[in-house]
Amino acid sequence: MPKIVILTGAGISAESGLKTFRDNNGLWENHRVEEVATPEAFAANPDLVYRFYNLRRASLAETRPNSAHAALAELEQHLGSEDFLLVTQNVDNLHEQAGSQRLLHMHGELTKARCTACQSVHEWPNPLDATSRCPACHNTASLRPHIVWFGEMPLYMSEIYQALAECDVFVSVGTSGNVYPAAGFYQEAKAFGARTIELNLEPSANARDFDEGHYGPATKVVPEFVAKVKTGAYG
């Protein structure tokens, strides 16, 4: 069995109806990134930031995983947790809904809150605001969305780089190839001898550097890739 690391981006969730973080105008729900997705924005206008993420969290109740999410959960079952790791840039919970278990959210999770006082992280499916109380230290006004904002370090980087050094196949699904450090993961894996594969709606900024590229809707190309793995196409 090959060791496989999968990286997913907004393209896989878009087919479930979730908006990508930024539209063609660089806006999300009519807000500039600088207004809702930086530590400075939270310090300047916490009510706006809370409201922005509360709306996004609420949208998950209406959203279901698609066949691409399901195929990756199926691949994990086929390979086993020792030979599979799913890394996602997405903050939604669609991979979990589909059944994925060995999963790292490098940009955080919409359904969790983090305490700035004691650094504890908690499941938080409900609205979050300045009156919310931390279940661990009981402070109020200390909880923030468990989201990696611009200017902050992504999560689980040591675990991710270790997996990239050990994998046989690295697959990028539904990513633009513009957001670092994730955009450089294929280079890291390739340096250690992994085969690199891009599955995307259209070629990304780094498409020519991948060993393989398969293009079309995620709901088509991801199940096709998983079927190939299951027939032994990648060792």
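The coordinates are above.
Residues numbered from 1 in each chain as written. Predicted model: local features only at pLDDT ≥ 70, side-chain atom pairs only at ≥ 80, totals over all residues. Heavy atoms only, no water.

**Some remarks on the sheet that holds strand S1 (residues 4-8)**
The parallel open sheet is built from 6 strands, whose spatial order is S5-S4-S1-S9-S10-S11. The strands lining the two open edges of the sheet, one partner per strand, are strand S5 (103-105) and strand S11 (212-215). When the angles between neighbouring strand axes are averaged without regard to direction, this sheet yields 15 degrees. Across 5 bridges, strand S9 (residues 169-173) lies against strand S10 (residues 195-200) in parallel orientation. Within S10, the position partnered with Phe-170 by the bridge is Thr-196. (Pairing = 2+ DSSP bridges. Helix = DSSP H or I, 4+ residues; strand = E, 2+ residues; numbered from the N terminus. Axes fitted to C-alpha atoms, helices over the stretch in contact; angles between N-to-C directions.)

**Considerations on the side chain of Thr-8**
By the secondary structure assignment, Thr-8 is in strand S1. Accessibility expressed as a relative area gives 0% for Thr-8, which makes it buried. For Thr-8, the side chain forms a polar contact with the side chain of His-95, separated by 3.0 Å. (Buried < 20%, exposed > 50% of the residue type's maximum accessible area, 1.4 Å probe, protein only. Polar contact = N/O pair within 3.5 Å; in protein donor to acceptor, adjacent residues only side chain to side chain.)

**Focus: unusual backbone geometry**
Residue Pro-181 is bonded to the preceding Tyr-180 through a cis peptide linkage, with omega at 10 degrees. With respect to the helices and strands, Pro-181 occurs in the loop between S9 and helix H8 (185-191). The residue Gln-119 is not glycine, and still its phi comes out positive at about 70 degrees. Take Gln-119: it is sitting in the loop between strand S6 (108-115) and strand S7 (121-123).

**Quick look at the environment of Pro-217**
Checked against the element boundaries, Pro-217 lands in the loop between S11 and helix H9 (218-230). Contact partners of Pro-217, with chain neighbours within four places excluded, come to Glu-15 and Leu-201. (Contact = heavy atoms within 4.5 Å.)

**A look at the sheet that holds S7**
Taken in spatial order, the 3 strands make up an open sheet running S7-S6-S8, and their pairing is antiparallel. The outermost strands of the open sheet, each flanked by one partner alone, are S7 and strand S8 (143-147). Between one strand and the next, the sheet's axes are offset by a mean angle of 45 degrees, whatever the strand orientation. Bridge count for S6 against S8 is 4 bridges, and the pairing is antiparallel. When the sheet's bridge partners are listed, Ala-113 is paired in S8 with Pro-145.

**Notes on the packing of helix H5 (residues 67-79) against H9**
Contact geometry for H5 and H9: axes closest at 8 Å, N-to-C directions at 15 degrees. As judged from the angle between their axes, H5 and H9 are roughly parallel. Handedness of the crossing formed by H5 with H9: left-handed. Between H5 and H9, the residues in contact are Ser-67, Ala-68, Ala-71, Leu-72, Glu-74, Leu-75, His-78 and Leu-79 and Ala-218, Thr-219, Val-222, Pro-223, Phe-225, Val-226, Val-229 and Lys-230, respectively. Taken together, the residues that form the contact of H5 with H9 break down as 11 nonpolar, 3 polar and 2 charged. (Parallel < 35°, antiparallel > 145°, perpendicular 65-115°, else oblique. Left-handed = near helix turned anticlockwise from the far one by under 90°. Nonpolar A, V, L, I, M, F, W, Y, C, P; charged D, E, K, R; others polar.)

**A word on the environment of Thr-196**
With respect to the secondary-structure elements, Thr-196 resides in strand S10. In this structure, the C-alpha to C-alpha distance between Thr-196 and Thr-8, residues 188 residues apart in sequence, is 14 Å.

**With respect to the pattern of salt bridges**
One pass over the full model with this rule turns up 8 salt bridges. Two residues, Arg-144 and Glu-152, come together in a salt bridge whose shortest N-O distance is 2.9 Å. A salt bridge links Glu-224 to Lys-220; its shortest N-O distance comes to 3.1 Å. With Glu-224 and Lys-220 both in helix H9 and 4 residues apart, this pair spans about one turn of that helix. Exposure remark for Glu-224: the relative accessible area of 39% places this residue in the partly exposed category. The exposure class assigned to Lys-220 is partly exposed, which follows from its relative accessible area of 45%. (Salt bridge = Lys/Arg side-chain N within 4 Å of Asp/Glu carboxyl O.)

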